[in-house]
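One-letter residues, chain by chain:
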Amino acid sequence: MENIKKLVDNQQDFFQSGESLDYSFRKNQLKALKRMLKNNEQKIYQALKDDLNKSEHETLTTELGFLYAEIDFAVKHLKDWMESEKADAPITHKGTNNYIYKEPYGVTLVIAPWNYPLQLAIGPAIGAIAAGNTVVLKPSEFTQSTSSLLAEMIGDTFDHSFFTVVEGAKEASQQLLEQHFDYIFFTGSSAVGKIVMQQASKHLTPVTLELGGKSPAIIDKDVNIDLAAKRIVWGKFTNAGQTCVAPDYLYVHEKVKPKLLKAMKKHIKALYSKKPLLNDDYTRIVHKQHFNRLQAFLSDGEIVYGGSVDEEKLSIEPTILDNITWDHSIMQEEIFGPLLPMLTFTELDDVISKLKHMDKPLALYYFGEKEKSQQSILKNVSFGGGCINDTLYHLANPHLPFGGVGNSGIGVYHGKYGFNTFSHNKSVLKQTTRFDLPLRYPGSKIAHSLVKKIMK
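Within an unreviewed UniProt entry, the label attached to the chain reads Aldehyde dehydrogenase, and the organism entered is Virgibacillus subterraneus. Comment text from UniProt for the chain, heading Sequence similarities (unreviewed entry), reads "Belongs to the aldehyde dehydrogenase family."

To continue, consider the overall build of the chain. Each helix and strand counted, the chain has 15 helices and 18 strands in total. Its C-alpha atoms give the chain a radius of gyration of 25 Å, near enough to 23 Å, the size a compact globule of 456 residues would have. For the C-alpha atoms alone, the extent of the chain along its principal axes is close to 80 × 55 × 35 Å. Within the chain, the proportion of its 456 residues that are buried is 53%. Contacts spanning at least 24 positions in sequence make up 72% of the contacts within the chain whose residues lie at least 6 apart. Surface accessibility of the chain: about 21200 Å² in total, with carbon and sulfur atoms responsible for 51%. Placing the 53 positive and 52 negative side-chain charges of the chain at their respective mean positions leaves the two points 8 Å apart.

Our next topic: the packing of aromatic side chains. Inspection of the entire model under this criterion finds 21 aromatic pairs. Both rings, one in Trp234 and one in Tyr393, keep their centres 6.2 Å apart while their planes meet at 70°; by these two values the pair is edge-to-face. Taken together, the residues Trp234 in helix α9 (residues 225-237) and Tyr393 in the loop between β16 (385-388) and β17 (409-410) connect sequence positions 159 residues apart. On the basis of relative accessible area, Trp234 is assigned to the partly exposed category, the value being 33%. By relative accessible area, Tyr393 is classed as exposed at 56%. Ring pairs connect the aromatic residues Tyr105, Tyr183, Phe185, Phe402, Tyr413 and Phe422, which therefore count as one cluster.

So, on to the nonpolar core. The nonpolar side chains of a soluble globular protein tend to be buried, and buried together. Counting 115 residues, the largest nonpolar core has Phe163, Ile218, Ile219, Leu250 and Met264 as the members making the most contacts within it. It is helix α4 (residues 56-82) that provides the largest number of residues to this core, a total of ten residues. In this structure, Ile219 is in contact with Ile232, Leu250, Tyr251, Val252, His253, Val256, Leu260, Phe345 and Phe367, ignoring residues within four places of it in sequence. Val8, Phe186, Ala200 and Leu211 belong to the second largest nonpolar core, which has 19 residues in total.

What follows covers the sheet that holds strand β18 (residues 423-430). Taking strand neighbours across the sheet as the criterion, the three strands line up as β1-β2-β18 in an open arrangement whose pairing is antiparallel. The outermost strands of the open sheet, each flanked by one partner alone, are β1 (85-87) and β18. Each neighbouring strand pair of the sheet contributes to a mean axis angle of 30°, computed without reference to strand direction. Taken together, the eight bridges between strand β2 (residues 97-104) and β18 define a ladder with antiparallel strand orientation. Its bridge partner lying in β18, Asn97 is registered against Lys430.

We now examine empty space enclosed by the protein. Enumeration over the complete set of coordinates arrives at three cavities of 30 Å³ or more. Counted as a void, the largest cavity has a volume near 70 Å³. What lines the largest cavity is Glu70, Ala74, Trp81, Gly123, Ile126, Gly127, Ala130, Tyr413, His414, Gly415, Gly418 and Phe419. Among the elements that make up the lining of the largest cavity, the one with the highest residue count is helix α5 (residues 119-130) (four residues).

Before going further, it helps to examine the UniProt feature "coiled-coil region" (unreviewed entry) in the chain. In the numbering used here, UniProt assigns the "coiled-coil region" (unreviewed entry) feature to residues 30-58. The span residues 30-58 is 86% helix and 0% strand, and its two end C-alpha atoms sit 24 Å from each other.

The next subject is the sheet that holds β16. Pairing is mixed across the open sheet formed by seven strands, whose spatial order is β10-β13-β14-β9-β8-β15-β16. Both outer strands of the open sheet, β10 (302-305) and β16, are each paired with one neighbouring strand and no more. Adjacent strand axes in the sheet meet at a mean angle of 25° when their direction is disregarded. Bridging between strand β9 (residues 249-253) and strand β14 (residues 339-345) involves four bridges; their strand directions are parallel. Its bridge partner lying in β14, Leu250 is registered against Met342. Running over the sheet, helix α12 (residues 348-356) touches β8 (216-219), β9, β14 and β15 (363-367) and is turned about 170° from β8. Each of β8, β15 and β16 is contacted by helix α13 (residues 371-380), which is oriented at about 165° to β15, the strand it contacts most.

In a pair of packed helices, the angle between the axes and the distance between the axes together describe the arrangement. It is the contact of helix α3 (residues 41-52) with helix α6 (residues 144-157), at a shortest axis distance of 7 Å, that shows an interaxial angle of 150°. Our classification of the angle between α3 and α6 gives roughly antiparallel. Mapping the contact onto sequence places Lys43, Ile44, Ala47, Leu48, Asp50 and Asp51 in α3 and Gln144, Ser145, Thr146, Leu149, Glu152 and Met153 in α6. Of the residues in the contact of α3 with α6, the class split is five nonpolar, three polar and four charged.

A few words now on a positive patch on the surface. Together, Lys221, Lys255, Lys370 and Lys372 give the surface a local cluster of positive charge. Relative to the elements of secondary structure, Lys372 occurs in helix α13. Under the relative-accessibility criterion, Lys372 is labelled exposed at 73%.

Conventions used here
- Residues numbered from 1 in each chain as written.
- Predicted model: local features only at pLDDT ≥ 70, side-chain atom pairs only at ≥ 80, totals over all residues.
- Heavy atoms only, no water.
- UniProt positions renumbered as here; feature names shortened; annotations may be inferred.
- Helix = DSSP H or I, 4+ residues; strand = E, 2+ residues; numbered from the N terminus.
- Rg over C-alpha atoms; globule rule 2.2 N^0.38 Å.
- Buried < 20%, exposed > 50% of the residue type's maximum accessible area, 1.4 Å probe, protein only.
- Contact = heavy atoms within 4.5 Å.
- Areas by Shrake-Rupley, 256 points an atom, 1.4 Å probe, with all protein chains shown as cover.
- Lys, Arg positive; Asp, Glu negative; His and termini not counted.
- Charge placed at Lys NZ, Arg CZ, Asp CG, Glu CD.
- Phe/Tyr/Trp six-rings, centres within 6.5 Å; stacked < 30°, edge-to-face > 60°.
- Core = buried A, V, L, I, M, F, W, Y, C linked by side-chain atoms within 4.5 Å.
- Pairing = 2+ DSSP bridges.
- Axes fitted to C-alpha atoms, helices over the stretch in contact; angles between N-to-C directions.
- 1 Å grid on protein atoms, 1.4 Å probe; cavity = no way out; pocket = protein on both sides within 12 Å on 5 of 7 lines; lining within 4 Å.
- Points joined across faces, edges and corners; volume = space filled by probe spheres on them.
- Parallel < 35°, antiparallel > 145°, perpendicular 65-115°, else oblique.
- Nonpolar A, V, L, I, M, F, W, Y, C, P; charged D, E, K, R; others polar.
- Patch = residues over 30% accessible without salt bridge, like charges linked within 9 Å, V, L, I, M, F, W, Y side chains within 5 Å.
- Salt bridge = Lys/Arg side-chain N within 4 Å of Asp/Glu carboxyl O.

Structure below.
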């Protein structure tokens, strides 16, 4: 505890020095971050292989490639983001100039999860660094190889008073949360998110919570079946389903259900082989407790594809479950694994009505060609973000904000939205001294009459 307090105090001293406010400093730190990742690519591939059995392709496309793109985008636009914004003023403020300055919060804490242990650790830090903050990063203890590598890389690249890593289990997170940070960014479960928010409230520390929920994929009767099946299979079974925005379950129109199921089976075989448990590139489940939790869901409904497990490898096949109802245990919580339950519908309005009465999901995916149906979903159902006729891909656009709503999270990031998340909007009015409007001062009947005309 004493060491952690000293670490936070050192970062406060560094921030108060003003060094991180400079544009050149921020840009150079972002470039150093990219060099760090580039120089350690092979170690990163190996760490993620050790922790989750991720293939190099999956690591490149879902972890490293994402970070390279985010860093490049931030470096390219940083100067513009840092510029103060000119604001308009009403007639009562004649003679003033009004500005919004982007001010860093100070010392920030980033708590990262295990499912994308590199991307979801470094991604928020990009926004924090771009905005001029210092960063304390707490990676997940469940992906120890990546956690240790992060500590090593960041320790070798950055001054610990500016950017550092604290490793450890739950106790380390608890000790960090007892410190007075200026901003906290957490990615993980809703249950832990509530604890983070409660701890942050003791210091009135602002938070971003990137959580999760049961994200639906709705497949309507006018869908492009083969393309929808391919994109659903990719979105669901990437990282063995351990993705916060993976399609959690399918809502399939009864007219296309048999064809969709047939097409999904074809694409699972094409992407993950006929025997995924023997595929050296198929991601495993993170630990035994999570494996056991997922395995218990296999007794729900009817397995129509997959279902095999390898307990020693902590691996579960891509699995599709049918004859599922809302009463099944798999529908009571976020799955976060390679199990895909299917529900059937006949009227889209019934789906909308059901979703409106559930917790707001982090993502939603609608597959169908009719603009009217697409707009009906977008207008009537609240969710963090999503896609029409695709899955997951909205995450990779740095021009779009990413974040949840309600139970699925608070706040957004990526691109400029990450910079804004870690920046305080400081309002400044610059008043003229060439004249002084008498409207605000009491005691003048003429001034009072003018105010009534202007403000009523």
